[in-house]
Amino acid sequence: NESGTASLAEEEPKREFLYRYRGWVLGILSLILLLFEPADLELIMFLIFINIFILAFYLRVKARRVIGEHTRGDIQEADELVTWGAYARLRHPLYVSNAAFGISLIFLHLGLSLRVIPFIVVLVAFEAYLGKLDDRFLEKKFGDELKIWAQQTPAFFPREFHRSGPMRSAREARGYFFQYSFA
């Protein structure tokens, strides 16, 4: 399909730019957030959002330990289509964890107010858009293999949380845990 190929070619510079500067976009959003005065949060709400933050960290560790170091650079690469571990349940667990981190921090800073809405909308839209761009990049690289995996694996909301699947060795997983937990 020529129009599909043309739109992918037009999208390439945008994808590369957003991928390269994704951390800057989130950093700018954070700086804008800090312009607002912190709110007092009731203990129960504080505990809820701290737990969301912890779950986001856990998901990040689970995802990072299977994909390795290649996602830390400025250039998007994929030597293989990762379909095990956290990627057996979600196509974009790192974007989900980033959004959960951000949402928890937004609520922890602004409390329960309408001021959270624009921040959450921008954050979720940005992460979802990056996920869509990743899907297109991976489809271009892996073709039908990606299409089959995408049909079985939701992008952002898992159908189930406990499903066994292929895993790398325990030794490899332990090494990834420590290497990528704070990456």
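The model shown is predicted, which means the values in this text are computed figures rather than measured ones.

Cut-offs and rules
- Residues numbered from 1 in each chain as written.
- Predicted model: local features only at pLDDT ≥ 70, side-chain atom pairs only at ≥ 80, totals over all residues.
- Heavy atoms only, no water.
- Phe/Tyr/Trp six-rings, centres within 6.5 Å; stacked < 30°, edge-to-face > 60°.
- Helix = DSSP H or I, 4+ residues; strand = E, 2+ residues; numbered from the N terminus.
- Buried < 20%, exposed > 50% of the residue type's maximum accessible area, 1.4 Å probe, protein only.
- Core = buried A, V, L, I, M, F, W, Y, C linked by side-chain atoms within 4.5 Å.
- Contact = heavy atoms within 4.5 Å.

Caption draft 1: Summary view of the packing of aromatic side chains. Taken as a whole, this structure holds 3 aromatic pairs when the rule is applied. Ring geometry for F36 and F119: centres 5.5 Å apart, planes at 85°, overall edge-to-face. Here F119 lies in helix 5 (residues 116–142) and F36 lies in the loop between helix 2 (22–34) and helix 3 (43–67), a separation of 83 residues in the sequence. On the basis of relative accessible area, F36 is assigned to the partly exposed category, the value being 31%.

Caption draft 2: Summary view of the environment of Q152. Position of Q152 relative to the elements: it lies in helix 6 (residues 144–152). Judged by its relative accessible area of 51%, Q152 falls in the exposed class. As for Q152 and R89, which are separated by 63 residues in sequence, their C-alpha atoms are 8.9 Å apart.

Caption draft 3: Examining the nonpolar core more closely. Counting 17 residues, the largest nonpolar core has V66, I67, L81, V82, Y87, L138 and L146 as the members making the most contacts within it. For this core, the secondary structure elements donating two or more residues are helix 3, helix 4 (93–110), helix 5 and helix 6. At 4 residues, helix 3 tops the list of elements feeding residues into this core. Excluding its chain neighbours within four sequence positions, the residues that come into contact with L81 are L138, F142, E145, L146 and W149. One finds L29, L33, M45 and L110 within the second-largest nonpolar core, a separate group that totals 11 residues.

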